[in-house]
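Listed here are the chains, written in short residue letters.
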Amino acid sequence: MVKDMNSEWINKILAAKISRKDFLVLGSKLFILVILLSHIPLRWIRQNAQPLKMKVKQFKEKHLFQQHNLAG
Amino acid sequence: MHVDPIEKKPLFHFYPGEQIFSVATAGCNLHCKNCQNWQISQANPEDIPSYKVTPQELVALTKQYSCNMIAYTYTEPLASYEYTLDSSIIAKSHQLKNVLVTSGYLNRAPLKKLYRYLDAANIDLKFFNDTMYKKITTGSLKPVLDALVLAREMNVWLEITHLIIPTLNDDLKEIEKMCVWIHKNLGEEVPIHFSRFQPHYLLQNLPATPYSTLKDAHNIARQTGLKFAYIGNVYGTHEESTFCPSCNKTVIKRVGYNILEYNIIDGKCSYCKTPVAGRW
């Protein structure tokens, strides 16, 4: 038991008797959930990375150009 | 030595989009307090790292880098007059084009000799006031005006750069006088580039030119009848594109030194077929 941490809920979890089978089922469900959820930001990043990269490039170009790429 | 877009010289009406082999020698015949390349222009040749490149080697290098033009630029090519002239003669014999980016501060006779081999020049008209010319550049106005007129007479494609420095030459009345002189003596089709000053060398106490001043100068140039006025050293402005003098449509759309649209066919606006001055 974990003590001195005011963490009653941790103790409750540790005290609960979960069978090996239940643990594996719950674990795999959680794993699938995490994969599914992580897919959303991954897809968002994939869609937006290129425009973001371009925006950073344009910003750099605009500000550095004016000081370091003078005509002549 | 460097390969640059021709727009960087700046030349906007001379084979836009081409790459140009750009070369500089150390030294300058002026001592501008605002020089942006002072590390090489105000140095002696023996004081800075350099390559030994003969005019023949220069021509070979230009071809090696797939360029068909040479720009004598960055510093003052007229300070190394013999090298510039020899290189121009050899380049011409190899069907390469010669471009001079200069302050135009030279006597008529040697300039005339050099102009014979030049295809284009961008001449800096730094001030339209002899006192300021002397004070800031150690040169004088008259020889530069003569160099501009001679370039037109000898059919060298000419564009003018006027760097606007806050408090020194940002007086709009003087800019107007300059534009009127250009219109009268060089014609309405000579492009003028109003460039933004960035604090350099001995004028680091001054701020960069505000965009509004450049825009005012641009408007004055257009009002005095100059057909092609541009704003330089400011990224992504409306005034870095070329507009047809007749239908006012965008014939060359630029962002920085990149060309996004090109609507000139056989030297004419592709919309209304009006000829656009330049070498295309």
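Residues numbered from 1 in each chain as written. Chains lettered and ligands numbered in written order. Predicted model: local features only at pLDDT ≥ 70, side-chain atom pairs only at ≥ 80, totals over all residues.

Our focus in this paragraph is the overall build of chain A. A count of helices and strands for chain A gives two helices and zero strands. Looking at chain A as a whole, 3% of its 72 residues are labelled buried. (Helix = DSSP H or I, 4+ residues; strand = E, 2+ residues; numbered from the N terminus. Buried ≥ 20, exposed ≤ 12 C-beta atoms within 10 Å, placed from the backbone.)

Cis geometry marks the peptide bond from Lys9 of chain B to Pro10 of chain B; its omega dihedral reads -5°. With respect to the element layout, Pro10 of chain B can be found in the loop between strand E1 (2-5) and strand E2 (19-23).

All names here are of chain B. Tracing the backbone through its elements, the reader meets Trp38 in helix H1 (residues 38-41). Here the alpha-carbon distance between Trp38 and His218, two residues 180 residues apart in the chain, equals 27 Å. With near-sequence residues (within four places) excluded, Trp38 lies in contact with His200 and Tyr201. (Contact = placed C-beta atoms within 7 Å.)

Attention now goes to the sheet that holds strand E9 (residues 242-243) of chain B. Residue and element names in this part refer to chain B. Judged by pairing direction, the sheet is antiparallel, and its three strands sit side by side in the order E9-E10-E11 without closing on themselves. Unpaired on one side and paired on the other, E9 and strand E11 (258-262) mark the two borders of the sheet. Bridge count between E9 and strand E10 (residues 250-255): two bridges; the pairing is antiparallel. By the bridge assignment, Thr242 is partnered in E10 with Ile252. (Pairing = 2+ DSSP bridges.)

All names here are of chain B. What the eight strands build is an open sheet, ordered E1-E2-E3-E4-E5-E6-E7-E8; its pairing is mixed. Two strands in the sheet have a free side with no partner beyond their single neighbour: E1 and strand E8 (229-232). Across this sheet, the average inter-strand angle for adjacent strands is 25°, counted without regard to direction. As paired elements, strand E4 (residues 97-102) and strand E5 (residues 120-124) share four bridges and run parallel to each other. In the sheet register, Val101 faces E5, and the bridge partner there is Asn122. Of the strands in this sheet, strand E6 (157-164), strand E7 (192-196) and E8 are in contact with helix H8 (residues 211-223), which crosses E8 at around 165°. (Axes fitted to C-alpha atoms, helices over the stretch in contact; angles between N-to-C directions.)

As a further point, take helix H5 (residues 130-137) of chain B. An α-helical segment advances 3.6 residues per turn. Residues three or four places apart therefore align on the same side. All names here are of chain B. Considered for burial, the residues of H5 that qualify are Tyr133, Ile136 and Thr137. Viewed along the axis of H5, the buried residues span an arc of 90°, placing them on a single side of the element. Those residues of H5 that are exposed and angled more than 90 degrees off the buried face are Thr131 and Lys135. Turning to H5, the residues buried within the fold contact helix H6 (141-153). A positive backbone phi angle near 70° is found at Thr138, which sits one or two residues after H5. (Arc of directions from axis to C-beta.)

What follows is about the nonpolar core. Residue and element names in this part refer to chain B. Judged by nonpolar contacts, the single largest core of 72 residues is most densely connected at Ile70, Val99, Ala121, Ile123 and Leu158. Not counting the four nearest positions on each side in its chain, Leu158 is found in contact with Ala121, Ile123, Leu148, Ala151, Arg152, Leu186 and Val190. In this structure, Phe243, Cys244, Val251 and Cys269 belong to the second largest nonpolar core, which totals six residues. (Core = buried A, V, L, I, M, F, W, Y, C linked by C-beta atoms within 7 Å.)

Let's shift gears to the environment of Leu202 of chain B. Residues and elements named next belong to chain B. One can find Leu202 in the loop between E7 and H8. Using a count of 14 C-beta atoms within 10 Å as the deciding quantity, one classes Leu202 as partly exposed. Taking the C-alpha atoms as reference, Leu202 lies 8.5 Å from Cys32; in sequence the two are 170 residues apart.

This part takes up H8 of chain B. Residues and elements named next belong to chain B. With 13 residues, H8 extends 18 Å between its outermost C-alpha atoms, agreeing within 8% with the 18 Å of an ideal straight helix rising 1.5 Å per residue. Among all positions in H8, only Leu214, Ala217, His218, Ile220 and Ala221 are buried. End-on, the buried residues of H8 take up no more than an arc of 160°, which puts them together on one face. In this structure, H8 carries Ser212 and Gln223 as exposed residues pointing more than 90 degrees from its buried face. Check the buried side of H8 and you find it contacts E6, helix H7 (172-185), E7 and E8. Just past H8, the residue Gly225 takes up positive phi, approximately 105°. (Expected span 1.5 Å × (residues − 1).)

This brings us to the packing of helix H4 (residues 108-115) of chain B against H6 of chain B. Residue and element names in this part refer to chain B. Interhelical geometry of H4 versus H6 gives an angle of 35° and a closest axis separation of 11 Å. Between H4 and H6 lies a crossing whose hand is right-handed. Of the residues in H6, those in contact with Arg108, Leu111, Lys112 and Tyr115 of H4 are Asp146, Ala147, Leu150 and Ala151. A breakdown of the residues in the contact of H4 with H6 according to their chemical character gives five nonpolar, no polar and three charged. (Left-handed = near helix turned anticlockwise from the far one by under 90°. Nonpolar A, V, L, I, M, F, W, Y, C, P; charged D, E, K, R; others polar.)

Residues and elements named next belong to chain B. Two numbers describe how helix H2 (residues 55-64) lies on helix H3 (residues 81-93): the axes approach to 9 Å, and their chain directions differ by 50°. Comparing their axes, H3 and H2 come out oblique. Judged by the twist between their axes, the crossing of H2 over H3 is right-handed. Across the interface between the two elements, Pro55, Gln56, Leu58 and Val59 of H2 pack against Tyr83, Asp86, Ser87, Ile90 and Ala91 of H3. Across the contact of H2 with H3, the residue classes break down as six nonpolar, two polar and one charged. (Parallel < 35°, antiparallel > 145°, perpendicular 65-115°, else oblique.)

Attention shifts here to the pairing of E8 of chain B. All names here are of chain B. A two-sided burial pattern is seen for E8, the buried positions comprising Ala229 and Ile231 on one face and Tyr230 and Gly232 on the other. Relative to E8, E7 runs parallel, the two sharing four bridges. Bridging from a neighbouring strand, Ser195 pairs with Gly232 of E8. Between the parallel pair E7 and E8, the chain is carried across by H8, and the sense of this crossover is right-handed. (Right-handed = clockwise from strand over helix to strand, strands pointing away.)

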